[in-house]
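Observations on the three-dimensional arrangement
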Amino acid sequence: MTIAEIHGKLPEYEGMEDLLTSDVFSTFKYLPVELAFIPFLKRAVNFRTGETINYSFDDVIKADYIFWPKTSYFKREPDLLILLTRRNQSPISIVVEAKYRSGKSNVNRENDLQELQLLDGDQLAEQYYELVNENFNIDYPYKELLMESNDRFLLFVTAHDALPKNVTNETEKVFHKIKNKIGLRSEDTLHLYWVNWQAAWSVADEALNNEANIPLGFKLMLADLKVLLERKGLRPFNGFSHPNQNVLFKDFYFWGEEKMKLGKEIKNIYDAMLKICTEASHFISVVNDLFVKYGWNPVGGNGVMWDRSTHYAQPRFWLPYFQQRVFATEQDPTKGVGINIIFDEAYGNLTNTIPFVSCCYIETENSIPLNKCDEIYCAGWSETSEVLDEKHSKLYQTIHPNRMSIVNYFLPLDVLSNQQAVESYIIKPLIELYKGNTTKAYELIQSVCLTREELSS
């Protein structure tokens, strides 16, 4: 692992996925396989089913890591080939393709030989094909293990918070189209798995907390791995943290007797604001990736705010008073779902005493494609909003004639304590509302959502 990176000495290289791959998998390489890599592998989920890997790795006694091997047919360079030696069974071979901030490196093969066009240049499909057909230029001891392996897996590693179905579906479609032409067995196409870098943080954290007899050297490596991944923002979502109790607003002036103390207090408050924005960003990322996992697409670009001002006379608009994200399906772009994180209201109509998340089901009228807008932001608390009905008293309906209608509910930040909570209280209820299952959606959130009155109390 690169200690210099942990201390911020390599800022120009911190976005490199090869460096991240090296840091994480070299840590796995120098730790016992059952302590780090196998727990990491067990968190992988299947491209097709979304289920965790259903396989026993209990008899693995050794792992060999070949970094950036070259293949002989499609001339690919996967990030890793991992060969697992087992006590009483044949080896397991795993080709690893790791991404950080980039997407798949597909190739346009229109000008290549006909036989090289079978997999449409899809990076993951071609690398898995190379594994199944043993097309790796590696030294003989490793080649022998590869040839002896009966179980062969593709492991796709990314920074997504949930299975990126929009990416993995492309690879699945390629295999489905031509699997019979290239000799792949049905069971081979079920050996495509995805896991995220955040899982490595969880592995390190659990090992440090649960394994009492870890040697000091192993503890240091696991602790450094956690620090590195946290620095890169690659740890699981754990809700919004409590601010430091010492960060309290006072009557500040830019002059006075205790200038240094004043400056430090202001810096503490600024750091707390930055942390809130960072946690809000992670929360939005989790929501985004979970909706993509369920087949939804974000609409309206990646911006989450508008009507901002940087004018010196408008400090009210320097603050992130709201953030919005909206999603629709390819089947019907006129209806969908959206979320707003609302810290405050810009014009004085809302008097909330706590930040909250507004979760919305939206239908547009007159075939208007769904997009981000002020109407979604104001849903539930504007003058045109009212309780949906007596049976669903914590759901609100807002109707904008000839434009859209919205049903929404409000969640406090406290209940969104992890990714599972986000899925339980936001993703699944909104999908039920989209399907027209209002009562089922309400049952999922009734115990945790807030009324408009509770937002202001």
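Definitions and limits used
Residues numbered from 1 in each chain as written. Predicted model: local features only at pLDDT ≥ 70, side-chain atom pairs only at ≥ 80, totals over all residues. Heavy atoms only, no water. Axes fitted to C-alpha atoms, helices over the stretch in contact; angles between N-to-C directions. Helix = DSSP H or I, 4+ residues; strand = E, 2+ residues; numbered from the N terminus. Parallel < 35°, antiparallel > 145°, perpendicular 65-115°, else oblique. Contact = heavy atoms within 4.5 Å. pLDDT = per-residue confidence, 0-100. Core = buried A, V, L, I, M, F, W, Y, C linked by side-chain atoms within 4.5 Å. Buried < 20%, exposed > 50% of the residue type's maximum accessible area, 1.4 Å probe, protein only. Phe/Tyr/Trp six-rings, centres within 6.5 Å; stacked < 30°, edge-to-face > 60°. Lys NZ or Arg CZ within 6 Å of the ring centre and 35° of its normal. Pairing = 2+ DSSP bridges.

A word on the packing of helix α11 (residues 419-435) against helix α12 (residues 438-445). Put simply, α11 and α12 touch, their axes get as near as 8 Å, and they point 170 degrees apart. As summarised for this structure, α11 and α12 are arranged roughly antiparallel, according to the angle between their axes. Contacts from S424, Y425, K428, P429, E432 and L433 in α11 reach T438, K440, A441, L444 and I445 in α12.

This part takes up the confidence of the model for the chain. Counting all residues, the mean pLDDT for the chain is 91, and 94% of those residues have values of 70 or more. When mean pLDDT is compared element by element in the chain, α11 scores highest at 98, while helix α1 (residues 3-6) scores lowest at 83.

So, on to the nonpolar core. Counting residues in hydrophobic clusters, the biggest one holds 43 residues, and the most contacted among them are F25, F28, F37, F40, L84, I94 and L155. Considering each element in turn, this core owes the most residues, 6 residues, to helix α7 (residues 198-210). Leaving out residues up to four positions away in the same chain, I94 has contacts with F37, L41, L80, L81, I82, L84, F153 and L155. By size, the runner-up hydrophobic cluster in this structure holds 38 residues, among which are F291, V304, V357 and I445.

It is worth spelling out the packing of aromatic side chains at this point. Inspection of the entire model under this criterion finds 31 aromatic pairs. An angle of 75 degrees between the planes, with centres 4.9 Å apart, marks the rings of W306 and F322 as edge-to-face. Of this pair, W306 sits in the loop between β9 (297-299) and β10 (322-328) while F322 sits in strand β10, and the two are 16 residues apart along the sequence. Over the ring of Y434 we find K335, and its NZ or CZ is 4.6 Å from the ring centre.

Now for the sheet that holds strand β7 (residues 151-158). Here we have 6 strands laid out as an open sheet, ordered β1-β8-β7-β5-β4-β2, and mixed in their pairing. Since the sheet does not close on itself, it has two edges, and those belong to β1 (45-46) and β2 (60-67), each with one partner. Sheet topology note: the β7/strand β8 (residues 192-196) ladder contains 5 bridges and is parallel. Among the inter-strand pairings, T158 is bridged to a residue of β8, identified as N196.

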